Amino acid sequence: MFSLFIKLGVPPFHLWMPAVYDGAPLIITIYFMLVTKFVLWGAFYSLSFLYFHYQTLSETIIMWSIISSFFFSIFPALNQIKLKKLLIYSGISTNAYCLIPLLSGNESSLFLFLIMYLITLSGIFAFLSQIRRGSDFESLDFIGGFLYYYRYNSILAFCVAGLFFSIIGLPPLSGFFFKYYLFLDVFPNKAGLIIIALTFGIISAVYYIRVISKLLLSIKPRLTFDELKHWNLPFYILPNKINIVYIIFVTLLVATGLFYFNPLLSVIEHYLYDTNIT
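The sections below set out a description of the structure shown in this document. (Residues numbered from 1 in each chain as written. Predicted model: local features only at pLDDT ≥ 70, side-chain atom pairs only at ≥ 80, totals over all residues. Heavy atoms only, no water.)

Re helix H5 (residues 83-99)
Item 1. An ideal rise of 1.5 Å per residue puts 24 Å on 17 residues; H5 measures up with 25 Å between its terminal C-alpha atoms.
Item 2. In terms of burial, H5 is a largely internal element, 16 of the 17 residues being buried. (Helix = DSSP H or I, 4+ residues; strand = E, 2+ residues; numbered from the N terminus. Expected span 1.5 Å × (residues − 1). Buried < 20%, exposed > 50% of the residue type's maximum accessible area, 1.4 Å probe, protein only.)

Below is the structure:
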């Protein structure tokens, strides 16, 4: 169990992750934060259901791991000025949500949450990798590098902001419904844990809103488009057809939460239980 905690970066075994992922190329970071997390959590739950049967998995250890995952990721992220490192700490905080189903024995809520998280984070990383095609990559490592992006492409800025709102868990985006189902599994037996998770979730919204404010709100209306071009901003100006892709992306996030949540849950439960995968 603890060896997988080290690989997943569950506190207190998380200290290696911010330094390693931040120093790695973006494509490597994307791979480890998306593909590896999904595979390792699947392996962790498969082992726990097959061998541990929750007898050797102490509930106290799980509870403290959840709380420490929130504490040691959210507070360090509050003063981060680098977007990539902020997303890394965000990945560490998701470990807390992934551990909650251990307390209820319902692994379908884990895979629902992971699917939402992986899809949303894929959209954010795709945006980052595309706009980094400009000449000055270093400035885009910082949250301030997205200042005035709204003026260049308002539709894309709103869509990317929608992805961050989904991670926060704002309705009607799918992130809200998936977190709701996650908490519903442990309510009312772990009502205190839900209150702690919601409190940390509100605190974590602060650093997401910082990014959103740079994308949408940090605009001086008196500046014209030509004046902004004179600033020689670093990001690559994406073609308008990319906007259609992101509009569809955010629409799917909304539709999944409002209309397709139960069908998706049924598919996951059928795959997990009827095929005896765990």
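Quick look at the environment of Ala77
Item 1. Mapped onto the fold, Ala77 is located in helix H4 (residues 59-77).
Item 2. Given a relative accessible area of 0%, Ala77 falls into the buried group.
Item 3. Sequence spacing of Ala77 and Tyr207 is 130 residues, and the spatial spacing of their C-alpha atoms is 7.0 Å.
Item 4. Other than its neighbours up to four places away in sequence, Ala77 contacts Leu86, Tyr89, Tyr207 and Arg210. (Contact = heavy atoms within 4.5 Å.)

Quick word on unusual backbone geometry
Item 1. In this model, Pro11 is joined to Pro12 through a cis peptide bond whose omega is 10°.
Item 2. For Pro12, the location among the structural elements is in the loop between helix H1 (2-8) and helix H2 (16-23).
Item 3. Pro172 follows Pro171 through a cis peptide bond whose omega is 10°.
Item 4. Looking at where Pro172 falls in the secondary structure, it is placed in the loop between helix H9 (154-168) and helix H10 (174-186).

Let's talk about the packing of H4 against H5
Two measures define how a pair of helices packs: the angle their axes make with one another and the distance between the axes.
Item 1. Two numbers describe how H4 lies on H5: the axes approach to 8 Å, and their chain directions differ by 160°. Between H4 and H5, the interaxial angle falls into the category roughly antiparallel. When the axes of H4 and H5 are compared, the crossing they make is left-handed. Across the interface between the two elements, Ile62, Ser65, Ile66, Ser69, Phe70, Phe72, Ser73, Ile74, Pro76 and Ala77 from H4 touch Leu86, Tyr89, Ile92, Ser93, Asn95, Ala96, Tyr97 and Leu99 from H5.
Item 2. Residue composition of the contact of H4 with H5, grouped by class: 13 nonpolar, 5 polar and no charged. (Axes fitted to C-alpha atoms, helices over the stretch in contact; angles between N-to-C directions. Parallel < 35°, antiparallel > 145°, perpendicular 65-115°, else oblique. Left-handed = near helix turned anticlockwise from the far one by under 90°. Nonpolar A, V, L, I, M, F, W, Y, C, P; charged D, E, K, R; others polar.)

Considerations on the pattern of salt bridges
Item 1. Inspection of the entire model under this criterion finds 1 salt bridge.
Item 2. For Lys82, the salt bridge goes to Asp22, with nearest N and O atoms at 3.2 Å. Highlighted residues: Lys82 in the loop between H4 and H5 and Asp22 in helix H2, separated in sequence by 60 residues.
Item 3. The class for Asp22 is buried, based on a relative accessible area of 19%. (Salt bridge = Lys/Arg side-chain N within 4 Å of Asp/Glu carboxyl O.)

A look at the layout of surface pockets
Item 1. Within this model, the largest pocket holds a volume of roughly 270 Å³.
Item 2. Lining the largest pocket we find 14 residues, and of these Gly169, Phe176, Lys179, Phe183 and Leu198 sit closest to its centre.
Item 3. Considering each element in turn, the lining of the largest pocket owes the most residues, 6 residues, to helix H11 (residues 191-216).
Item 4. In terms of residue class, the lining of the largest pocket is made up of 11 nonpolar, 2 polar and 1 charged. (1 Å grid on protein atoms, 1.4 Å probe; cavity = no way out; pocket = protein on both sides within 12 Å on 5 of 7 lines; lining within 4 Å. Points joined across faces, edges and corners; volume = space filled by probe spheres on them.)

Some details on the packing of aromatic side chains
Item 1. On inspection of all chains with the given rule, the structure shows 18 aromatic pairs.
Item 2. Look at Phe164 and Tyr208: their rings are 6.2 Å apart centre to centre, the planes differ by 45°, and that puts the pair in the tilted class. Of this pair, Phe164 sits in helix H9 while Tyr208 sits in helix H11, placing them 44 residues apart in sequence. The two residues Phe164 and Tyr208 agree in class, both being buried.
Item 3. Here Phe176 and Phe177 contribute two aromatic rings whose centre-to-centre distance is 5.2 Å and whose plane-to-plane angle is 80°, an arrangement assigned as edge-to-face.
Item 4. Since its relative accessible area comes to 31%, Phe176 is described here as partly exposed.
Item 5. Through a chain of ring-to-ring contacts, three or more aromatic side chains come together here, namely Phe70, Phe71, Phe72, Phe75, Tyr97, Phe113, Tyr117, Phe183 and Phe200. (Phe/Tyr/Trp six-rings, centres within 6.5 Å; stacked < 30°, edge-to-face > 60°.)

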